[in-house]
Amino acid sequence: MKVSLRPYSRFLEAILAVFLLGIVAGEVVLFSPPVQTHVQTLATTAQIERVNSDSTTLEVKITHGTADENLRLVAFPRPPAGLGYRTVFVYYDGAYPTASVNPLASQGVIDNLAGELLIRHYPRSVFPMSAATLVDVLRRTTDASSEAIVAMTGVMPSNTFSRGVDLLTPWVRAGGLLIWGGATIGYYSGVEGRSLATIPAKNGPSLGESGIEQILGKGIVAYPWASQRVATNRSDAASAFGLTYQFASAGIKSGAALARGGKVLGWYTDQYSSVTFLPVARGGYLIFGGEVLDAALISRDIAQLLASGVQYGSGQIAARDIRLSDLRETAVVRWPLPFGASTSGVTFIAFDPRPDGAFFYQREIDV
């Protein structure tokens, strides 16, 4: 008698299918990012309750779970032109030298910054950039006002800024925002495939101190560079947003920056600033004035500034910490601000102040 093997084949196929489904399900669980599996219990929103010429009161609604600990509220008069979210390009090219940076930290900024901006619901894209792409973006000045370049390398490629070449200044003046870290901007220009030590200082591509003055202007930087000089006082912006970058090695002068209409955003000494915004024509420079040693920490600071747009604001910055265990699961907090609302309203931000906090909420509140 001939026995059919079809039922056994179907049985084996069924077992195999269940086995494969189990493997797939396991991989999904194993490789799913924590942010996708975490249940968000913290939420907030705000509106203006009342406003007059010298004060504003916000009504802030907060919902939280038992595991949520702290919440920081930040508010400042909204800049007249709004936040101006920008497409972000992060420059790093391993074929070019760096200065006063940990190369691994400089290279790691792209991934860390993209993640930090994602947490903050940043609405524009973040792209890695090589030296060739940097040239293309700087030449496209018509798009400068909607773009930011992050360069935590301490060295500009010689085909963008060097003796007889300056693609940077026209791009910034047209509206671009350059975010810089490492050796003082303008001092070094790098050549592909060569270390700075092999490039002659005399008649080479680097302009030294004259390059700094060409970009930032005279009187902004005090020489010489002081390795790992640490600033010890926090600015209002650093306190409000939890900015941690403290190096002031490049000697960016606080007073000179303020006199130029700039802002001290990080930490400072009696002379120098660690994070400084310098407006130039329609654009500006956001300078981290020293070494780049930790990609995660500096990326968090950059993300706080890019998302909030506080460098473009004017007037006071108000901040308040709330211990959530003191509130009911849903509560309303009335927060008096020490300033009247500008004609364009108030920027309100709430976030988890822990270094690994994943909650961030921002709203532009109209008057």
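Let's talk about unusual backbone geometry
Right, so step 1: A cis amide bond links Tyr-223 to the next residue, Pro-224, at an omega of 0°.
Right, so step 2: Even without being glycine, Ser-100 reaches a positive phi, approximately 60°.
Right, so step 3: Inspection of the secondary structure assignment puts Ser-100 in the loop between β4 (87-91) and α3 (103-119).
Right, so step 4: Overall, Ser-100 belongs to the partly exposed group, its relative accessible area being 31%.

With respect to the layout of surface pockets
Right, so step 1: Looking at the second largest pocket, its volume works out to about 230 Å³.
Right, so step 2: Along the walls of the second largest pocket sit 14 residues, with Asp-236, Ala-237, Lys-263, Gly-315 and Ile-317 positioned nearest its centre.
Right, so step 3: Counting residues per element, the ones that place at least two in the lining of the second largest pocket are β3 (70-77), α7 (236-241) and β13 (263-264).
Right, so step 4: When its residues are assigned to classes, the lining of the second largest pocket shows 7 nonpolar, 5 polar and 2 charged.

Remarks on the sheet that holds strand β20 (residues 360-365)
Right, so step 1: The 4 strands lie next to each other as β17-β3-β19-β20, forming an open sheet whose pairing is antiparallel. Taken across any chain shown, the strands that pair with only one partner, and hence form the sheet edges, are β17 (318-323) and β20. Averaged over all pairs of adjacent strands, the angle between their axes in this sheet comes to 15°, without regard to strand direction.

Quick notes on the side chain of Ser-158
Right, so step 1: For Ser-158, the position within the fold is in the loop between β7 (156-157) and β8 (161-162).
Right, so step 2: Residue contacts for Ser-158: discarding those within four places in its chain leaves Val-165, Ser-189, Gly-190, Val-191 and Pro-205.

Overview of the side chain of Thr-87
Right, so step 1: Tracing the sequence through the fold places Thr-87 in strand β4.
Right, so step 2: Relative accessible area serves as the criterion here: at 14%, Thr-87 is assigned to the buried category.

Here's the deal with the pattern of salt bridges
Any two side chains of opposite charge can pair, on the condition that their charged atoms come close.
Right, so step 1: Applying the stated criterion to the full structure yields 11 salt bridges.
Right, so step 2: Here Arg-50 ties to Glu-49 by a salt bridge, and the two come within 2.8 Å at their closest N and O atoms.
Right, so step 3: Measuring nitrogen to oxygen at the nearest pair gives 3.2 Å for the salt bridge that ties Arg-334 to Glu-59. Of the two residues, Arg-334 is situated in strand β18 (residues 330-337) and Glu-59 in strand β2 (residues 56-63); the sequence distance between them amounts to 275 residues.
Right, so step 4: Relative accessible area serves as the criterion here: at 48%, Arg-334 is assigned to the partly exposed category.
Right, so step 5: Ionic contacts of the salt-bridge type, sharing partners, join the residues Glu-49, Arg-50, Glu-59 and Arg-334 into one network.

Basis of the calculations
Residues numbered from 1 in each chain as written. Predicted model: local features only at pLDDT ≥ 70, side-chain atom pairs only at ≥ 80, totals over all residues. Heavy atoms only, no water. Helix = DSSP H or I, 4+ residues; strand = E, 2+ residues; numbered from the N terminus. Buried < 20%, exposed > 50% of the residue type's maximum accessible area, 1.4 Å probe, protein only. 1 Å grid on protein atoms, 1.4 Å probe; cavity = no way out; pocket = protein on both sides within 12 Å on 5 of 7 lines; lining within 4 Å. Points joined across faces, edges and corners; volume = space filled by probe spheres on them. Nonpolar A, V, L, I, M, F, W, Y, C, P; charged D, E, K, R; others polar. Pairing = 2+ DSSP bridges. Axes fitted to C-alpha atoms, helices over the stretch in contact; angles between N-to-C directions. Contact = heavy atoms within 4.5 Å. Salt bridge = Lys/Arg side-chain N within 4 Å of Asp/Glu carboxyl O.

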